[in-house]
Amino acid sequence: MKNISLIFATVCLLLISGCKKNSMHDNPFFGDYKTPFGVPPFDLIDSTDYMPAFIEGMKQHKGEIDKLVNNQETPTFENTILAFDRSGMLLTRVSKVFYSLNEANTNDQMQAIARQINPLMSKHYDDIYLNAGLFERIKTVYDKSLELKLDSQQIRATKKYFRDFERMGANLSQEKQDELRKLNSELSLLSLTFGENLLAETNKNFKLIITDTADLAGLPQGVIDGAHETAQADSIKGWVFTLSKPSMIPFLQFAENRALREKLYSGYFMRGNNGNQNDNNEVVSKIVSCRVKKAHLLGYKNYAAYVIDDNMARTPEKVDEFLMKLWTPSLKMAGKEVVEMQKIIDREGGKFKLQPWDWWYYADKVRKEKYNLDDSQLRPYFSLSNVRDGMFMVANKLYGITFTQRTDLPVYQKDVETFEVKEANGQPVGILYMDYYPRGGKGAGAWCGDFRSSVIEDGKRIDPVMTIVCNFTKPAAGVPALLNWDEVTTLFHEFGHGLHGLLTQGKYYRTAGMVPQDYVELPSQIMENWAGEPEVLRVYAKHYETGEVMPEELIEKIQKSGLFNQGFETVEYLAAAILDMNYHELSDSAKLNVGEFETQAMNRIGLIKEIYPRYRSTYFAHIYDGGYAAGYYVYIWAAVLDADAFSAFRESGDIYNPELAAKFRKYCLAESGNDEAMIQYKKFRGKEPSEEPLLIRRGLK
Ligand SMILES: [Zn+2]
């Protein structure tokens, strides 16, 4: 769900507390980490270390900025842009660890720190981006970039910072800046509340407890065992199903008890909308309203216009048009899928119309009938370690890089794996952390971030430390984790983000690997293409017990089933993307009735009642707690790019085509931030992307 740029973008600042427990001497954030490869010393970090490091980090950062602003020398690239680019290192160090772990491994203490820190971080960054003296110096370098004979990368970094200041309100009057500060601080707390409510609604407030074995009918033994373990962990008798996807989806897919499917799915789609202490309706209304006000202050007609101005798409109208172009054929296809499923219901004598909680159950029957393929046939070939090694193999074939597991690096959770990544010639590339399974303190979904990003400092590259976090099916006793197809592609996806970070080459933090949001999903989504190629499956899809390679017949079935359920997948996604645009194209900040707004938005586009948007308003974390506001569209925007990019490999007749791989690595990964995204893409592809390959891939054409 989240990605590299998001983690960069949400680096906000920190807070004040009276905690003096740790002296600067033993706080691991003060000074470089004394660990192999300089990875964070997770074994030495205590929750009490964060606050002092944040406070000192802000103090140091402020001192550096003051020094920069008060410099009597004429502004130059070095004394202004470069100095700014390299400022705040302590703050960055603690932020990267804290915000990563607050998503992947949080607890009450960390949540309390986040509550304290977020408004302080928001104020700290406002103080910087609204600092008139600093803006003046940056503007001077920007205006004189020709005269100063800056090179192309210096010009790009300067321009990026200048734009950041403009977009953060540096050009506004004092009075408007004060208003903006208030809105930013309010927004940071509202997002936090949204996320906390959602976490409680997902992990705490709902459980489906089953005590009668008859209610387990249809479920595979592995699923039943998992539910039993979940129950035991909570000292509950029987079986427990939760709203985390690895628990919920198999139940929706296989459980014959229709009433219980409805109960579980209702638990899911009502999250944040239960009128309890974790209700998100009012939070959503307030966030939307603050964003309208913020956009107006900054001179934009709405929040979407503000966000998209910086993206490849440029305007909300372009995005709306793009989404609607895909909407009509997708809806038609989903309608056909409903008819197919209803036929099965009627044939089986079920006297009811298909409902949203029936979709997975009957879709699975369609899959078995039409494609003769079910999950349980595939899982034995997708043990986690085989899939992981398969994607390492793909990266090796494309880019020559190697992955060596390390068992001596500190981790924040015992089942987290670490890998050393090297070039073909043995030169270091970076470190990769992988954290696979659900936990109470881990947010839903999968994402990639970093504990340290890459930059070239005095000609020497600082190697990145990337982290991939997932929520995969846990291994049952005595059996390795066996993934379903969705999880396989998710791992390849997040790994693609990881590769983007690992292979980045750039001189400035502001530009190295920094791409617009509607480009971010290109490096990740393109990797999903390799996951399903027969040539690749033959290498990694091996039976976990016998080592037997997946039979050709099964590989063929995977290929054919590529169009399975694509109407549903595309419609539930597009519905959410359109809902996001609707909220952020509002130009009125009046209080909203969120439920009504959502219903009207979905009625306008004719969403069928058998499908809910992938995220409904009160649990749409991407847009209310994740930096994807007016940006949920980016996945399908980037899908146009990835389908087009992968078609280049296909057309060449070699999915590992070395020449194309080298170009993709150089222009689209390593130097992705060097120029406008479309320009970089064209350097790889030789032309602008076409929508055709995507439409064909999804069966929409
Ligand atoms: Zn992604």
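All of these numbers come straight from a predicted model, not from anything done at the bench.

1. Some details on the overall build of the chain
And then number 1: Within the chain, the secondary structure is distributed over 28 helices and nine strands.
And then number 2: Taking 701 residues into account, the globule formula puts the C-alpha radius of gyration at 27 Å, and the chain, at 25 Å, falls close to it.
And then number 3: For the chain, the proportion of its 701 residues judged to be buried stands at 59%.
And then number 4: For the chain, contacts bridging at least 24 residues in sequence account for 76% of all contacts bridging at least 6.
And then number 5: Averaged over its 84 positive side-chain charges, the chain has a centre that lies 1 Å from the centre of its 94 negative ones.

2. Things to note about the side chain of Glu417
And then number 1: Along the chain, Glu417 falls in strand 4 (residues 417–422).
And then number 2: Within the local environment of Glu417, its side chain forms a polar contact with the side chain of Arg388, the two groups lying 2.9 Å apart.
And then number 3: With sequence-adjacent residues up to four places away left out, Glu417 is seen in contact with Arg388, Gln405, Leu432, Tyr433, Met434 and Tyr436.

3. Some thoughts on the pairing of strand 6 (residues 447–452)
And then number 1: Counting buried residues in strand 6 gives five out of six residues, a clear majority hidden from the surface.
And then number 2: As judged from the five bridges shared by strand 6 and strand 9 (residues 465–469), these two strands associate in the antiparallel manner. Across the sheet, the residue bridging to Trp447 is Val469, located in strand 9.

4. Things to note about the nonpolar core
And then number 1: Phe241, Phe382 and Trp530 are the most contacted members of the largest nonpolar core, which has 179 residues in total.
And then number 2: Aside from chain neighbours lying at most four places away, what touches Phe382 is Val387, Ala481, Leu482, Leu483, Trp485, Val488, Leu537, Tyr540, Ala541, Met550 and Ile558.
And then number 3: Core analysis: the next-biggest nonpolar cluster, separate from the first, contains 54 residues, Ala114, Met121, Leu192 and Leu409 among them.

5. Quick look at the pattern of salt bridges
And then number 1: Under the defined criterion, the tally for this structure stands at 51 salt bridges.
And then number 2: The residue Arg86 makes a salt bridge to Glu457 at a minimum N-O spacing of 3.1 Å. Remark: Glu457 occurs in strand 7 (residues 455–457) and Arg86 occurs in the loop between helix 3 (77–85) and helix 4 (89–104); sequence separation between them is 371 residues.
And then number 3: Classification of Arg86 by relative accessible area gives buried; the value is 16%.
And then number 4: Asp309 serves as the salt-bridge partner of Arg163, at 3.6 Å between the closest nitrogen and oxygen. On the criterion of sequence distance, the pair formed by Arg163 in helix 7 (residues 152–167) and Asp309 in the loop between helix 13 (303–308) and helix 14 (316–347) is long-range, its members being 146 residues apart.
And then number 5: The exposure class assigned to Arg163 is partly exposed, which follows from its relative accessible area of 25%.

6. Describing helix 3
And then number 1: Burial in helix 3 covers these residues: Phe77, Asn79, Thr80, Ile81, Phe84 and Asp85.
And then number 2: Where the residues of helix 3 are buried, they touch helix 2 (47–70), helix 5 (108–129), helix 6 (132–143) and helix 7.

7. Some points on the packing of aromatic side chains
And then number 1: Applying the stated rule across the entire model yields 59 aromatic pairs.
And then number 2: Ring centres 6.4 Å apart and planes at 65° place the aromatic pair Phe29 and Tyr33 in the edge-to-face group.
And then number 3: For Phe29, a relative accessible area of 0% corresponds to the buried category.
And then number 4: When its relative accessible area of 12% is taken as the criterion, Tyr33 is described as buried.
And then number 5: Among the aromatic residues, those joined into a ring-pair cluster are Tyr265, Tyr268, Phe269, Trp359, Trp360, Phe568, Tyr612 and Tyr619.
And then number 6: The aromatic ring of Tyr33 is capped on one face by Arg93, whose charged end is 6.0 Å from the ring centroid.

8. Some details on the confidence of the model for the chain
And then number 1: Per-residue confidence for the chain averages 93 on the pLDDT scale, and 96% of its residues sit at or above 70.
And then number 2: Confidence drops under a pLDDT of 50 for residues 1–23, and excluding neighbours within four residues, the segment shows 84 contacts in the predicted structure.

9. Some details on the pairing of strand 5 (residues 428–435)
And then number 1: Counting buried residues along strand 5, seven of its eight residues qualify, which places the element largely inside the surrounding structure.
And then number 2: Pairing of strand 4 with strand 5, which is carried by six bridges, proceeds in the antiparallel orientation. Along strand 5, the bridge assignment pairs Glu420 with Ile431.
And then number 3: If you look at the hairpin formed by strand 4 and strand 5, you'll find five residues sitting between the two strands, and Gly426 has a positive phi there, around 90°.
And then number 4: Alignment of strand 5 against strand 9, held across five bridges, turns out to be parallel. Its bridge partner being in strand 9, Met434 is matched across the sheet by Ile468.

10. Concerning the sheet that holds strand 4
And then number 1: What the five strands build is an open sheet, ordered 3-4-5-9-6; its pairing is mixed. Among the strands making up the open sheet, the edge pair consists of strand 3 (402–406) and strand 6. On average, each strand axis in the sheet is tilted by 25° relative to the strand beside it, whichever way the strands run.
And then number 2: Across the sheet, helix 4 touches strand 5, strand 6 and strand 9, and the angle it forms with strand 6 is around 150°.

11. As for the packing of helix 25 (residues 634–652) against helix 27 (residues 677–685)
And then number 1: For the pair helix 25 and helix 27, interaxial distance at closest approach is 11 Å and the crossing angle is 15°. Judged on the interaxial angle alone, helix 27 and helix 25 are roughly parallel. In the packing of helix 25 onto helix 27, the handedness of the crossing is left-handed. Facing Leu641, Asp644, Ala645, Ser647, Ala648, Phe649 and Glu651 of helix 25, the residues of helix 27 in contact are Tyr681, Phe684 and Arg685.
And then number 2: Across the contact of helix 25 with helix 27, the residue classes tally to six nonpolar, one polar and three charged.

12. A closer look at the layout of surface pockets
And then number 1: Each pocket or cavity is described by its volume, and for the second largest pocket that value is around 350 Å³.
And then number 2: As for the second largest pocket, its lining consists of 14 residues, of which Asp32, Met89, Arg93, Arg452 and Ile462 are closest to the centre.
And then number 3: Breaking the lining of the second largest pocket down by element, the ones donating at least two residues are helix 4 and strand 6.
And then number 4: Per-element accounting of the lining of the second largest pocket gives the leading share, four residues, to helix 4.
And then number 5: The residue inventory of the lining of the second largest pocket, partitioned by class, reads six nonpolar, three polar and five charged.

About the criteria used
- Residue indices begin from 1 for each chain and proceed along its sequence in written order.
- Totals for whole chains, interfaces and linings use every residue, but because this is a predicted model, local features are given only for residues with pLDDT of at least 70 and side-chain atom pairs only at 80 or more, for both listing and counting.
- Here the side-chain values reflect all heavy atoms present in the structure, with hydrogen atoms and water set aside.
- The way it works is that DSSP assigns letters per residue, a run of H or I at least four long becomes a helix, a run of E at least two long becomes a strand, and they are numbered from the N terminus.
- Atoms considered for the radius of gyration are the C-alpha atoms alone. The globule rule reads 2.2 Å times the number of residues to the power 0.38.
- The buried label applies to any residue whose accessible area, calculated with a 1.4 Å probe on protein chains only, is under 20% of its type's maximum; exposed applies above 50%, and partly exposed to all values in between.
- Any two residues whose heavy atoms approach within 4.5 Å at even a single point are treated as in contact.
- Residues scored as positive are Lys and Arg, those scored as negative are Asp and Glu, and His as well as the terminal groups of each chain are ignored.
- Here the site of a charge means NZ on Lys, CZ on Arg, CG on Asp, or CD on Glu.
- Here a polar contact means two N or O atoms within 3.5 Å. Within protein one must be a hydrogen donor candidate and the other an acceptor candidate, and residues neighboring in sequence count only if both atoms are side-chain atoms.
- Paired strands are those between which DSSP finds at least two bridges.
- What makes a nonpolar core is a set of buried Ala, Val, Leu, Ile, Met, Phe, Trp, Tyr and Cys residues whose side-chain atoms join them at distances within 4.5 Å.
- Each salt bridge in this description consists of a side-chain nitrogen of Lys or Arg and a carboxyl oxygen of Asp or Glu lying within 4 Å of one another.
- Two rings belonging to Phe, Tyr or Trp (six-membered ring only in the last case) form a pair when the distance between their centres is within 6.5 Å. Interplanar angles under 30 degrees mark stacking, angles over 60 mark edge-to-face geometry, and anything in between is tilted.
- By the criterion adopted, a ring carries a charge over it if an Arg CZ or a Lys NZ lies within 6 Å of its centre and within 35 degrees of its normal.
- The quantity known as pLDDT measures the predictor's confidence residue by residue, on a range of 0 to 100.
- Helix axes use the C-alpha atoms of the stretch in contact, all axes being lines fitted to C-alpha atoms, and the angles between their N-to-C directions lie in the range 0 to 180 degrees.
- Should an angle fall under 35 degrees it is taken as roughly parallel, and over 145 as roughly antiparallel, whereas 65 to 115 is taken as roughly perpendicular and any remaining angle as oblique.
- Should the near helix be turned counterclockwise from the far one by less than a right angle, the crossing is left-handed, whereas a clockwise turn marks it as right-handed.
- Here the nonpolar group is Ala, Val, Leu, Ile, Met, Phe, Trp, Tyr, Cys and Pro; Asp, Glu, Lys and Arg are the charged ones; every other residue, Gly included, is treated as polar.
- A 1.4 Å probe that fits but cannot get out identifies a cavity on a 1 Å grid over protein atoms alone, an open set with protein on both sides within 12 Å along at least five of seven lines counts as a pocket, and a residue lines either if it has an atom within 4 Å of a point.
- Grid points are joined across faces, edges and corners, and a volume is the space filled by probe spheres set on the points.

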